[in-house]
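Okay, here's what each chain looks like letter by letter:
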Amino acid sequence: MTSTSFTVTPWEVKGEIDYEKIIKEFGVKRIDEPLMHRLSKLAPLHLFLRRKLFFAHRDLDVVLDEHEKGRKVVLYTGRGPSGHTHLGHLVPWIFTRWLQKAFKAKLYFQMTDDEKFLVKDLSLEQTTNYAKENALDLIALGFEPHDTKIIYDTEHIRELYPFALKIAKRTTFSTAKAVFGFDNSTNIGLSFFPALQAAVAFYAQQQVGMAGGEKAADAGKNVQCLIPCAIDQDPYWRIARDAAPYLGYQKPATILSKFLPGLSGPAGKMSASDAANAIYTTDKPEDARKKVMRAFTGGQPTIDEQRKKGGNPDICTVCQWLNLLFEEDDDVMQQRLKDYRAGKILDGENKKYLADKVVAFLEEHQRKREKARDVIEKYSLTA
Ligand code: TYM
């Protein structure tokens, strides 16, 4: 979707994003209080729900209905390995782990090394290598091999291809142009790719059905797929949902997040192509600290002014990072926002508070990430 002031597509996110407008134009629904209440019966609500980072969905109510009837739910998410993982990418994965426990569901995770080869100026060798590096970050978040399967597209294409073909046959180029903005300069690899990203939803349903003893031909028709991701991936799910009736599967449902902003300002998202704006899981903790200390804030030009007039947390990336990701305690967060507005918390102190949390997170994550090298093969689809 491209509006006058912002753009949100799977390959580009920029500008001041108006999430209200997105809800209307994408035709997704807001996660409202009744839905939050239903989710809270599964497990204490995750921080990302409480702080409304996950804000929209398609058919989440259907997933909850099916789950309540005792039907199986399967989770599906992924990564386009174009570089190292940054903290924004971790948002849907951390949340997926919560969903996995809440629904006791299996996760299929797609690494689209093919997609990133097609859209970026990267070799296939680079994207396949990044796929393995990014997988370490997923594993470090606590996923376990018995219910987490990673699909590397270029390696596991055989499994996906029959599903992708069926979706591709049902998707016209004119639909793909309208949904993804393809034009005559788009390479033909990319014009087929959406079928592959959509394919995993049905593959996952089939696999869970088969694991439950159903025969391959019609396995998984009653399994419900739920896809946690940021809103930029929504175009793929339109293709998948349109194709679902032809393949005989339930339409995949989604739970969608806003973007964690980058450190240089609230517009757009944290993007892998802007290193100072993003914190990578592979950054040295002390380099990450320096990035936080240079972050864009909602403060005033001088300390005196900030004490008098207070800061504006709505445009402050430091406040937002604390609120969305790093300050778990709701009461502490509310108090800090109040104090920031009142000029009682100054930027230097606020940045240090966040930087300490970021450093602690990275040190622990990096320890787990290194350990993941020993077990990464166990997570592969064909392990
Ligand atoms: P990719 O690699 O661009 O992004 C990986 C996941 O991270 C989300 N994301 C963010 N979330 C919050 N804040 C941010 N700043 C931010 N930046 C990115 C993305 O929405 C995505 O969920 N084509 C996909 C790979 C893929 C996939 C999937 C993603 C394949 N199958 C199924 C989600 C679900 C891609 O390039 O994602």
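Figured I'd write up the structure that's included with this text. Source: prediction; values computed, not measured.

With that settled, the discussion passes to the sheet that holds strand 5 (residues 73–79). Here we have seven strands laid out as an open sheet, ordered 3-4-9-8-5-6-7, and mixed in their pairing. Looking at strand neighbours, the two that pair on one side only are strand 3 (29–30) and strand 7 (148–152), the edges of this open sheet. Pairing of strand 3 with strand 4 (residues 54–58), which is carried by two bridges, proceeds in the antiparallel orientation. Across the sheet, residue Arg30 finds its bridge partner in strand 4, namely Ala56. Strands strand 4, strand 5, strand 6 (106–111), strand 7, strand 8 (224–230) and strand 9 (253–257) of the sheet are contacted by helix 5 (residues 87–103), whose axis makes an angle of about 165° with strand 5.

With that settled, consider the pattern of salt bridges. Across all of its chains, the model carries 26 salt bridges by this definition. A salt bridge links Arg38 to Asp65, with the nearest nitrogen and oxygen atoms 2.8 Å apart. Here the residue Arg38 occupies a position in helix 2 (residues 33–40), and Asp65 occupies one in helix 4 (residues 60–68), the gap between them amounting to 27 residues. When its relative accessible area of 33% is taken as the criterion, Asp65 is described as partly exposed. Two residues, Arg71 and Glu66, come together in a salt bridge whose shortest N-O distance is 2.5 Å.

Looking now at the layout of surface pockets. Its boundaries defined by the atoms lining it, the second largest pocket holds a volume of some 610 Å³. Contributing to the lining of the second largest pocket are 22 residues, with Ile94, Leu141, Leu325, Glu328 and Phe361 lying nearest its centre. Those elements that provide at least two residues to the lining of the second largest pocket are helix 3 (47–50), helix 5, helix 14 (317–326) and helix 16 (347–372).

The rules behind each value
Residues numbered from 1 in each chain as written. Predicted model: local features only at pLDDT ≥ 70, side-chain atom pairs only at ≥ 80, totals over all residues. Heavy atoms only, no water. Pairing = 2+ DSSP bridges. Helix = DSSP H or I, 4+ residues; strand = E, 2+ residues; numbered from the N terminus. Contact = heavy atoms within 4.5 Å. Axes fitted to C-alpha atoms, helices over the stretch in contact; angles between N-to-C directions. Salt bridge = Lys/Arg side-chain N within 4 Å of Asp/Glu carboxyl O. Buried < 20%, exposed > 50% of the residue type's maximum accessible area, 1.4 Å probe, protein only. 1 Å grid on protein atoms, 1.4 Å probe; cavity = no way out; pocket = protein on both sides within 12 Å on 5 of 7 lines; lining within 4 Å. Points joined across faces, edges and corners; volume = space filled by probe spheres on them.

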